Amino acid sequence: MLQRKLKSSRTSSSVKTTEEANPGLLDAIFASATEYALITTNKAGKIATWNKGAELVFGYSAKEIVDKPIAEIFTAEDRINGEAERELAMARTAGRSSDLRWHQRKDGTCFWADGVMTPIKNADNEITGYLKILRDETERKLAQNKLEELARIDILTGVANRASFQERLAEMSAAALRNHELLILHLVDLDNFKQVNDKWGHQCGDRLLQQMVQRMREVSRNTDFVARLGGDEFVILQSDVQDPESGGALAEKLVDALSRPYHIDGHEIMTGVSIGIALFPQDAANPDQLLRKADLALYKVKNGGRNGYHYFSEQLDTDAHKKGRVLAALKSAVKSHLFWLEYQPEIDAASGRTVAVEALLRCRDPLLASYNIGEIIGLATESGLMPEIGIWVMAEACAQSKKWRDAGLPHIKMCINLCPRELQASDFTKNVSDILERSNLSAQDLEIEITEHEVFESSGQSSATVAHLRSLGISVAIDDFGAGYSSLGKLRNLPIDKLKLDPSFLRKVPSDPESCAFVSAMISLAHTMKLGVIAEGVESAEQAAFFEREHCDALQGNFFSPPMKVGAMTDWLSRQLH
């Protein structure tokens, strides 16, 4: 017992200790201190005594834990980091070691413990062991953490408050400097908010702010930081960005989302939003200046009629609004169906027959005339319009395929390009099934094409969607293969059927022996993996002959035919009947 261990260290009999005057007092203290874990160790840190409180807190009986290192009650991470040994050393050199840290119970669960360790010395002032006293402070610590969290949150909307914003702005601006990245600050102000409060009351105004925050979160990234500065003024911090245009892209989404009607308590409330954008460190030397610059940009919006955004930088503002006009034209084109499809045949290398056609998007909007289709698709993808356009392309292409079949033309596969955003839509596979059913086509009549970069980067919903489409019988091809990763080895576990070689591979074929050898090896290896191979971008008879000799499965390119409008493609297919 503890009293016997302590008696051995006494050398003076002239002064009686409390324990000598009251035999068994220390044992009684140890037994009754059930709210506290009282633990003693020897000089090496092995547990010597273990009271009832320690048993209740940690779950170990004295028999299970005595003679084991004190490190047993520390977490695995702290044991690796040598925290138990550090605590003993601190108690030995400083006379006391205290901490508030996680400790671990017998069942593996962890809890917050407030503890202190002091050395036990004999009459000669020699350390004979250590006494550790601690108690479970988990409930108090969690309550404290909750209070600290509440102190940093705007209670009405649930986003960070001004104090939390100031801290985060300092952290994110420092990180932007370290990583040579931009930090974009959006100062967001709801237009005509006072009129809402005056007309429908403050409760309705509160609900409006809550819905506003919900929409802000829906269009921003998880990594974007949202805070309420007060009233109807909010701020969003965009970190980890390389391009200033990322600010305009988000601002466009915010203006669109926050300007839609709000339905609150039976009222339809129309309002707008004004956004000022400033970039760090481009526009400001320190974080405090950044907010002021964004405020100046916001002032421009307010003076210019509200419901829009401005950059602090004039040039960036000009560029952003030019891009904004292009996006507006694109949205109008989508709404007015100012698109059409052209088709390019895919030729079987062995028979020379047309086995498939690729549907290619074209746009007739005059405001977009200076942009090639790749740029238009890029803008549509960035602005979130591509899923809507993609479904239209698939429906239009499949409807045309049905018309050709109804006219008695050869049955060919329809190839359609997809982007990851389309694949991530929760209702995408249902839409595909509905389109096939309306067109009276089977899954085997459809092929989807995804670029090499996208198929390697796709994960989660996109990857699952591709696998599901393939399980239905829809074939999957990697488009522009070789332009990015150029790794056939990575294809083994992907749900794909074909490779479409990037046209860049064809430029030196067949004149360059090294290029020919490389392409031949790629075709051979792909066939070994039971993948079909299509040469895309065939421009000459020599190229076509080379790929035929190499047993490429199909050929596509201007040598056979450029992309054609529906009438020309219909005539092409009609000639296949003769």
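Owing to the predicted nature of the structure, the values given are computational and were not obtained by experimental measurement.

1. A look at the pattern of salt bridges
Part 1 of the argument: This structure, assessed with the given rule, holds 29 salt bridges.
Part 2 of the argument: We note a salt bridge from R228 to D154, for which the minimum N-O separation is 3.1 Å. Remark: D154 occurs in the loop between α8 (138-150) and α9 (162-179) and R228 occurs in strand β7 (residues 225-230); sequence separation between them is 74 residues.
Part 3 of the argument: Residue R228 is classed as buried on the basis of its relative accessible area of 13%.
Part 4 of the argument: Overall, D154 belongs to the buried group, its relative accessible area being 13%.
Part 5 of the argument: Between K500 and E536 there is a salt bridge, with the nearest N and O atoms lying 3.8 Å from each other. Taken together, the residues span a long stretch of sequence, with K500 in strand β18 (residues 498-501) and E536 in strand β19 (residues 532-536) at a distance of 36 residues.

2. A short note on the side chain of T49
Part 1 of the argument: For T49, the location among the structural elements is in strand β2 (residues 47-50).
Part 2 of the argument: At 2.4 Å, the side chain of T49 forms a polar contact with the side chain of T40.

3. So, the sheet that holds β2
Part 1 of the argument: Read across the open sheet, the 5 strands follow the order β2-β1-β5-β4-β3; overall the sheet is antiparallel. With partners counted over all chains shown, the strands left at the sheet margins are β2 and β3 (97-104), one partner each. Neighbour to neighbour, the strand axes of the sheet diverge by 30° on average, direction disregarded.
Part 2 of the argument: Summarising the sheet, strand β1 (residues 37-42) and β2 pair through 3 bridges and their orientation is antiparallel. Residue pairing across strands places T41 opposite I47, the latter belonging to β2.

4. Here's the deal with the pairing of strand β15 (residues 413-417)
Part 1 of the argument: Counting buried positions along β15 yields 4 of 5 residues, so the element is predominantly enclosed.
Part 2 of the argument: As judged from the 4 bridges shared by strand β14 (residues 354-363) and β15, these two strands associate in the parallel manner. Paired with A359 across the two strands is I416, which belongs to β15.
Part 3 of the argument: Of the strand pairs in this sheet, β15 and strand β16 (residues 446-451) are connected by 4 bridges, and their pairing is parallel. Note that in β16 the partner of N417 across the bridge is E449.

5. As for helix α18 (residues 428-439)
Part 1 of the argument: The end-to-end C-alpha distance of α18, which contains 12 residues, comes to 17 Å, matching closely the 16 Å that a straight helix rising 1.5 Å per residue would cover.
Part 2 of the argument: Taken together, the buried positions of α18 are F428, V432, I435, L436 and S439. Buried residues of α18 fall within an arc of 95° about the axis and therefore sit on the same side. Set apart from the buried face of α18 by more than 90 degrees, the exposed residues are K430, E437 and R438.
Part 3 of the argument: Phi turns positive one or two residues past the end of α18, at N440, with a value near 60°.

6. Re unusual backbone geometry
Part 1 of the argument: Residue P281 is reached from F280 by a cis peptide bond, and omega for that bond is 5°.
Part 2 of the argument: With respect to the helices and strands, the residue P281 is situated in the loop between β11 (273-280) and α13 (287-303).
Part 3 of the argument: At the junction of V509 and P510, the peptide bond is cis and its omega measures out at 5° in the coordinates.
Part 4 of the argument: When you line up the elements, P510 lands in the loop between β18 and α21 (513-528).
Part 5 of the argument: The phi torsion at D67 lies on the positive side, around 80°, for a residue other than glycine.
Part 6 of the argument: Mapped onto the elements, D67 comes out in the loop between α5 (62-65) and α6 (76-80).
Part 7 of the argument: Overall, the relative accessible area of 56% leaves D67 in the exposed class.
Part 8 of the argument: One non-glycine residue, D265, adopts positive backbone phi at about 50°.
Part 9 of the argument: Within the fold, D265 resides in the loop between β9 (262-264) and β10 (267-269).

7. Description of the sheet that holds strand β17 (residues 475-481)
Part 1 of the argument: Around the barrel, which closes on itself, the 8 strands sit in the order β13-β14-β15-β16-β17-β18-β19-β20 with mixed pairing between neighbours. Looking at each pair of strands side by side, their axes are set apart by 30° on average, direction ignored.
Part 2 of the argument: The pairing of strand β13 (residues 339-348) with strand β20 (residues 554-556) spans 2 bridges and is classified as antiparallel. Across the sheet, D348 pairs through a bridge with A554, a residue of β20.
Part 3 of the argument: Against the sheet, helix α16 (residues 386-406) makes contact with β13, β14, β15 and β16, and its axis sits at roughly 60° relative to β13, the strand it touches most.

Conventions and cut-offs
Residues numbered from 1 in each chain as written. Predicted model: local features only at pLDDT ≥ 70, side-chain atom pairs only at ≥ 80, totals over all residues. Heavy atoms only, no water. Salt bridge = Lys/Arg side-chain N within 4 Å of Asp/Glu carboxyl O. Helix = DSSP H or I, 4+ residues; strand = E, 2+ residues; numbered from the N terminus. Buried < 20%, exposed > 50% of the residue type's maximum accessible area, 1.4 Å probe, protein only. Polar contact = N/O pair within 3.5 Å; in protein donor to acceptor, adjacent residues only side chain to side chain. Pairing = 2+ DSSP bridges. Axes fitted to C-alpha atoms, helices over the stretch in contact; angles between N-to-C directions. Expected span 1.5 Å × (residues − 1). Arc of directions from axis to C-beta. Contact = heavy atoms within 4.5 Å.

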